[in-house]
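# Structural features, examined
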Amino acid sequence: MAKKKSQGGRFPLAKMAGSSTLQNNPKEKATWSPEYRKIFIDLMVQQTLVGNKPTTSFNKVGWKHIRGEFNKKTNKNYDHLKFKNYMAQLKKEWNVWNNLISNTTGLGWDPVIQTVIASEEQWADYLKSNSKAAQFRRKPLENADELNIIFGGTSTLGNLRITPANQVLLNEDCVAESQSQTHELFGNTKTPLEEIIPNGNNNEGDTIGEGEETPSRRRSRSETATSRRKKRKDSRTSELSHCMATLIELAQEMAKAQLQRDAEMEKARLEREKDREEREAERENAREERKAEREKAREEREAKREKAQSTLVTALDRLHEMDDIPADSDLYIDVVELLEDPSAREMFILLGPTSRRKWVDRKLARLYPNRYGASL
């Protein structure tokens, strides 16, 4: 008895320890790195395609598989609420992106970065009522194709899956007929003989005399039923092949149209790029011209300044050569002030020694008549 009690004491403790290790930690904050995001989205796509998303959310089987596989791959222990909240966040992002690419009238598409091209004015106008779309100005929605499968819904035809995000418009009559024919070909549990003779042997007209059917009569009836079944199957197979050929032709036409749209958008993008480069070249030329004009004006000012300095030095040299004008006299200072004028300075340099003195006396008499008027 003591041995059983000690064993019974060990197993509950081990069980409690194990359960505490596996239980969720509601306080753990979920972090969704690009790697975790991709794992979660891939798992949702997988469960969507296998039919575990019958409504807008997954069923218990789908959520259990997603939660188990994600925690196993990431070594995390996220609970159901964390997955559900992040799925809601992804759907909001997808809705914003889907609304943006569905309202591209007058806008362009960049096949390189896979997002909408618009002018600043167009973006500003769109963001007034769709502010959350600003995140897609220079980059597309990550994992957009996978999110289209998850949130865009999926319809099936046999092994063919077509999503609304692909914008495939099928012939509904053709699809219904194909499904009906597939059911008839592979889902009928009755034998051909039972379809012809529902209640077994027919005693009203299938016997010879009062006895049972002869083996030859039964063999003939079986061969007739087999022939009819083969004809119906061949006819239905032909009709199903025709419907599948119609779907393939439609898909090819859509692919061709998409290639044409991509080519047109690429052509428009190249034209916009060319216009942008031309405008940039024009602006660059204008900047260079303005820069050259400023440089020319600066050089002219510098030349004038150098010339003024040169003529001033020359004029002062000529003044120092005039012995009758001492450097410490008021007359010398008045002449220096007179030579501050560039035109007067040039004339002073050009005149000879005798004429230079007369020219100085006349200029000073006009400027200072009270001091030099009598000498003139």
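Keep in mind that what you see is a predicted model, and the values were worked out from it rather than measured.

### Some points on the overall build of the protein chain
- The helix and strand tally for the protein chain stands at 13 helices and 4 strands.
- Residues counted as buried form 23% of the 376 residues belonging to the protein chain.
- Taking the contacts inside the protein chain whose residues are at least 6 apart along the sequence as the reference set, 57% of them involve residues at least 24 apart.
- Here the protein chain displays about 27100 Å² of accessible surface, and carbon together with sulfur accounts for 52% of that area.

### As for the pattern of salt bridges
- A complete count under the given rule lists 14 salt bridges for this structure.
- Notably, a salt bridge pairs Glu142 with Arg37, separated by 3.9 Å at the nearest N-O pair. Residue Glu142 is located in the loop between α5 (120-127) and α6 (144-152), and its partner Arg37 is located in helix α2 (residues 34-49); the two are separated by 105 residues in the primary sequence.
- Glu142 sits in the partly exposed class, given a relative accessible area of 43%.
- Its relative accessible area of 8% is what places Arg37 among the buried residues.
- Salt-bridge contacts for Arg287 lead to Glu284; the nearest nitrogen and oxygen are separated by 2.4 Å. Placement of both Arg287 and Glu284 in helix α9 (residues 215-320) is noted, with a separation of 3 residues, approximately one turn of the helix.
- Judged by its relative accessible area of 34%, Arg287 is partly exposed.

### Quick look at empty space enclosed by the protein
- This model, assessed by the stated rule, comprises 1 cavity of 30 Å³ or more.
- For the largest cavity, the calculated volume is near 30 Å³.
- In terms of lining, the largest cavity is formed by Leu100, Leu107, Val116, Ala118, Gln122, Trp123 and Tyr126.
- The dominant element in the lining of the largest cavity, judged by the number of residues it contributes, is α5, at 3 residues.
- Across the lining of the largest cavity, the residue classes break down as 6 nonpolar, 1 polar and no charged.

### Examining the packing of aromatic side chains
- What the rule picks out here adds up to 17 aromatic pairs.
- Three or more aromatic residues joined by ring pairs form one cluster here, namely Trp32, Tyr36, Phe40, Phe70, Tyr78, Phe83 and Tyr86.
- Over the ring of Phe348 we find Arg356, and its NZ or CZ is 5.3 Å from the ring centre.
- For the cation-ring pair, Arg371 lies above Tyr368, with the distance from its terminal atom to the ring centre recorded as 4.3 Å.

### What to know about the environment of Asn148
- With respect to the helices, strands and loops of the structure, Asn148 is situated in helix α6.
- When its relative accessible area of 16% is taken as the criterion, Asn148 is described as buried.
- A sequence separation of 54 residues divides Asn148 from Trp94, and the C-alpha atoms of the two residues are 7.8 Å apart.

### Thoughts on helix α12 (residues 353-367)
- With 15 residues, α12 should reach 21 Å at 1.5 Å per residue; the first-to-last C-alpha distance of 21 Å fits that figure.
- If you check which residues of α12 are buried, you get Arg356, Trp359, Val360, Leu364 and Ala365.

### Looking at α5
- Buried within α5 are the following residues: Trp123, Tyr126 and Leu127. An end-on view of α5 places all buried positions within 95° of arc, on one side of the element. Pointing more than 90 degrees away from the buried face of α5 are the exposed residues Glu121 and Asp125.
- Of the surrounding secondary structure, the elements contacted by the buried residues of α5 are α4 (80-102) and β2 (115-117).

### Points about the environment of Ala263
- Along the chain, the position of Ala263 falls in helix α9.
- The class for Ala263 is partly exposed, based on a relative accessible area of 45%.
- A C-alpha to C-alpha distance of 9.6 Å links Ala263 and Pro111, two positions 152 residues apart in sequence.

### A word on a negative patch on the surface
- Side chains of Glu271, Asp275, Glu277, Glu278 and Glu282 sit close together on the surface and give a patch of like negative charge.
- One can find Asp275 in helix α9.

Parameters and conventions
- Residues numbered from 1 in each chain as written.
- Predicted model: local features only at pLDDT ≥ 70, side-chain atom pairs only at ≥ 80, totals over all residues.
- Heavy atoms only, no water.
- Helix = DSSP H or I, 4+ residues; strand = E, 2+ residues; numbered from the N terminus.
- Buried < 20%, exposed > 50% of the residue type's maximum accessible area, 1.4 Å probe, protein only.
- Contact = heavy atoms within 4.5 Å.
- Areas by Shrake-Rupley, 256 points an atom, 1.4 Å probe, with all protein chains shown as cover.
- Salt bridge = Lys/Arg side-chain N within 4 Å of Asp/Glu carboxyl O.
- 1 Å grid on protein atoms, 1.4 Å probe; cavity = no way out; pocket = protein on both sides within 12 Å on 5 of 7 lines; lining within 4 Å.
- Points joined across faces, edges and corners; volume = space filled by probe spheres on them.
- Nonpolar A, V, L, I, M, F, W, Y, C, P; charged D, E, K, R; others polar.
- Phe/Tyr/Trp six-rings, centres within 6.5 Å; stacked < 30°, edge-to-face > 60°.
- Lys NZ or Arg CZ within 6 Å of the ring centre and 35° of its normal.
- Expected span 1.5 Å × (residues − 1).
- Arc of directions from axis to C-beta.
- Patch = residues over 30% accessible without salt bridge, like charges linked within 9 Å, V, L, I, M, F, W, Y side chains within 5 Å.
- Lys, Arg positive; Asp, Glu negative; His and termini not counted.
- Charge placed at Lys NZ, Arg CZ, Asp CG, Glu CD.

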